[in-house]
Amino acid sequence: MKFEEQIDLKFIVAVAIPFLLMAYVQIQNPVLLALAFGLAVLYIAKPFVLLPAAFVTSLSTEYFKMAGGASLTPIFLLILIISLIVSTKATEYKQGGKTLIYILVLIVYNAISSALSVTGSFEAFSLTLFYFPIIFYMSIKRNADLNFVYKTISLSCLIFSFFLIYSFLTGGMEMAVGNDSENRLTFGDINANRYGMLCVPVATVLLFTFLNESNLIYRLSSLFGAFITLFIIILTGSRSALYSVVGGFVLALWFFVLKKQEGKGKFAIIAALAIAIVIGMNYLSSSDLLVLDRLQVDSVLEAGGSGRMDRAAYLFSNVFPNHPLFGIGLGGENEYAVSEGPCHNIILDPIIQIGLVGVLLYWIFLIPFIAKCYKRTKITPIFFFPLMLFVTVFINGLGEVIFFERHFWIIISLCVLYANNQTSVHLTHKRQRKQSSRSMEAVRVL
């Protein structure tokens, strides 16, 4: 499906809302925010029109804030939940019985874990009340236009990359000196690692767009946006963010070049891209930017992941043996109560917090959706879109606290949506193949 075929009023609104929110963050004009809310209200019965705004704002609660300090993230997640509820027909609920039961089990487990935690805090539990409803309603939606979802998120991320340029050139970003005395790029009061974290899904979406699209202008624009975002990530000094984007891109190369036969024609462009990356990295390594020292592998090993390895060693030596099955309680505050802090690892932290039982419950629930998406990549590469996002953010989570981040669960909800929808994409793919066959037949006749 060509990009141009997607352009209609719903598409424009779906991209306009996140655009207005991004513009508001930069110039703090309340009119922009009012327009965004106004469009959201007008399209409250169209959840996939509102999904790009929820996706973008979920990237950072600290970045998307109103003038008074309140975050836009929970507001737009709540708007999306209301939209999903309003748009769901009574007959659709029949399709979510098993998913609903499993989600209720997870909610009860989280509640018990919070109540019995070492701090008694329900802060992390309250976060689940946002993403569990979204996952449930995504699981019962059928015949969703997956191309529309991908295209609107893609264009929103491209716009976001240009706002990054604007912010960089106008002084919105600054090189802050951290505790480790390294100049690292950030925005406002956002921690440099978290600023790099919010850029990871943006770069990933744009790299997927570059590999997936056939429109040359849009592909090159996406590549440019991806490079800009990757450059920002490098300047933040976030090692896990940089490695996650590189890891996701390597996975995409495997999928589009080696696994997909039709992707082999793109090998020359991708090879040129790899050469450009190598040249760019060599240029950066020869510069005087202190932050680049953080990105060296030997620097990571020497620093022990900025103390993460030491914290993990302590937690698994002194805390885990006493709470192996059910953990010390849901939420990072419980780890702070018994140690210097979390492991900053998407595998280790959940084991400490909710135990082996809780971790198994979560992954038994999530893995079938992810596996389903992978199987359906045989139909069309569009199903690789949520998978690439998931893998990239998962790698980012090996060095950051990601498991209870809102954007991680929005990406999970995309995996759930794509796993349960294939009709419209399958028909489009079949239509394209039929048109291609007719064209070939016409050529033979001539």
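Before reading further, recall that the structure is shown in the block above.
Figured I'd write up the structure that's included with this text. (Residues numbered from 1 in each chain as written. Predicted model: local features only at pLDDT ≥ 70, side-chain atom pairs only at ≥ 80, totals over all residues. Heavy atoms only, no water.)

### Thoughts on the overall build of the protein
Filter applied, for reference: Think of it this way: any DSSP run of H or I at least four residues long counts as a helix, any run of E at least two long counts as a strand, and we number them from the N terminus. Should any heavy atoms of two residues lie within 4.5 Å, those residues are counted as being in contact. Note on areas: Shrake-Rupley with a 1.4 Å probe; residue coverage comes only from the protein chains shown.
Regarding its fold elements, the protein presents 18 helices and 2 strands. Looking at the protein alone, contacts between residues at least 24 apart form 77% of all its contacts between residues at least 6 apart. Approximately 19500 Å² of the protein is accessible, and the part contributed by carbon and sulfur atoms is 66%.

### Thoughts on the packing of helix H7 (residues 146-169) against helix H17 (residues 406-419)
To keep things clear, this is the line we draw: Only the stretch in contact is used when fitting a helix axis, every axis being a line fitted to C-alpha atoms; angles between N-to-C directions are given from 0 to 180 degrees. Under this scheme an angle from 65 to 115 degrees is roughly perpendicular, one under 35 degrees roughly parallel, and one over 145 degrees roughly antiparallel; angles in between are oblique. Left-handed describes a crossing whose near helix is turned anticlockwise from the far helix by less than a right angle; the clockwise case is right-handed. Only Asp, Glu, Lys and Arg are considered charged, only Ala, Val, Leu, Ile, Met, Phe, Trp, Tyr, Cys and Pro nonpolar, and every remaining residue, Gly among them, polar.
The N-to-C vectors of H7 and H17 enclose an angle of 150 degrees; their axes lie 10 Å apart at closest approach. The angle between H7 and H17 places the two elements in the roughly antiparallel class. Considering how the two elements wind past one another, H7 and H17 form a crossing that is left-handed. Counting all contacts with H7, which are made through Leu146, Val149, Tyr150 and Ile153, the residues of H17 involved are Leu414, Leu417 and Tyr418. Its residues assigned to classes, the contact of H7 with H17 shows 7 nonpolar, no polar and no charged.

### Quick notes on the packing of aromatic side chains
Aromatic rings in a pair are described by how distant their centres are and how their planes are angled relative to each other. For the record, the criterion: Here the aromatic set is Phe, Tyr and Trp, taking the six-membered ring for Trp, and pairing holds for ring centres within 6.5 Å; pairs whose planes are under 30 degrees apart are stacked, those over 60 apart are edge-to-face, and all others are tilted. To sort residues, take the accessible area from a 1.4 Å probe on protein chains only and compare it with the maximum for the residue type: under 20% means buried, over 50% means exposed, and anything in between is partly exposed. Placement of a positive charge over a ring is assigned whenever Lys NZ or Arg CZ falls within 6 Å of the ring centre and within 35 degrees of the normal to the ring plane.
Scanning the model with the defined rule gives 40 aromatic pairs in all. With a centroid separation of 5.7 Å and an interplanar angle of 50 degrees, the aromatic rings of Phe19 and Phe163 are classed as tilted. Remark: Phe163 occurs in helix H7 and Phe19 occurs in helix H1 (residues 9-27); sequence separation between them is 144 residues. The exposure class of Phe163 is buried, given its relative accessible area of 12%. Where Trp363 meets Phe403, the ring centres are 6.4 Å apart and the plane angle is 50 degrees; that geometry is what we call tilted. Here the residue Trp363 occupies a position in helix H15 (residues 348-375), and Phe403 occupies one in the loop between helix H16 (384-396) and H17, the gap between them amounting to 40 residues. Here Phe403 falls in the buried class, since its relative accessible area comes to 5%. Ring pairs connect the aromatic residues Tyr131, Phe132, Tyr362, Trp363, Phe390, Phe394, Phe403, Phe404, Phe408 and Trp409, which therefore count as one cluster. Over the ring of Phe130 we find Arg406, and its NZ or CZ is 5.6 Å from the ring centre.

### Here's the deal with the environment of Leu116
By the element assignment, Leu116 lies in the loop between helix H5 (97-115) and helix H6 (123-140). Residues Leu116 and Gly329, spaced 213 residues apart in sequence, show a C-alpha to C-alpha distance of 6.6 Å.

### A word on the environment of Ile75
Tracing the sequence through the fold places Ile75 in helix H4 (residues 73-87). Measuring from C-alpha to C-alpha, the distance between Ile75 and Thr57 comes to 9.2 Å, with 18 residues separating the pair along the chain. When near neighbours in sequence (up to four residues on either side) are disregarded, Ile75 contacts Phe37 and Met66.

### Here's the deal with a nonpolar patch on the surface
The condition is simple: To count toward a patch, a residue needs a relative accessible area above 30% and no salt bridge. Like charges then connect within 9 Å, nonpolar side chains (Val, Leu, Ile, Met, Phe, Trp, Tyr) within 5 Å. Basic side-chain nitrogens of Lys or Arg form a salt bridge, by our definition, when they fall within 4 Å of a carboxyl oxygen of Asp or Glu.
Where nonpolar side chains cluster on the molecular surface, the patch consists of Leu78, Ile82 and Val86 and spans about 250 Å² of accessible area. Assignment of secondary structure puts Ile82 in helix H4. Classification of Ile82 as partly exposed rests on a relative accessible area of 38%.

### A look at the pattern of salt bridges
Here the structure, examined in full by the defined rule, presents 4 salt bridges. The closest approach of N and O atoms between Glu62 and Arg194, which form a salt bridge, is 2.9 Å. Within this pair, whereas Glu62 is found in the loop between helix H3 (47-57) and H4, its partner Arg194 is found in helix H8 (residues 192-212), the two being separated by 132 residues in sequence. Note on Glu62: relative accessible area 30%, which makes it partly exposed. The salt bridge involving Glu405 is made with Arg194; its shortest N-O contact spans 3.0 Å. With Glu405 in the loop between H16 and H17 and Arg194 in helix H8, this pair connects stretches of sequence that are 211 residues apart. Linked by salt bridges that have partners in common, Glu62, Arg194 and Glu405 make up one network.

### Here we look at unusual backbone geometry
Backbone geometry at Gln28 places phi at a positive 55 degrees, although glycine is not the residue there. In this structure Gln28 comes out as partly exposed when scored by relative accessible area, which is 36%. A positive phi angle, close to 60 degrees, is found at Asn143, a residue other than glycine. Within the secondary structure, Asn143 is located in the loop between H6 and H7. Asn143 gets classed as exposed once you look at its relative accessible area, which sits at 57%.

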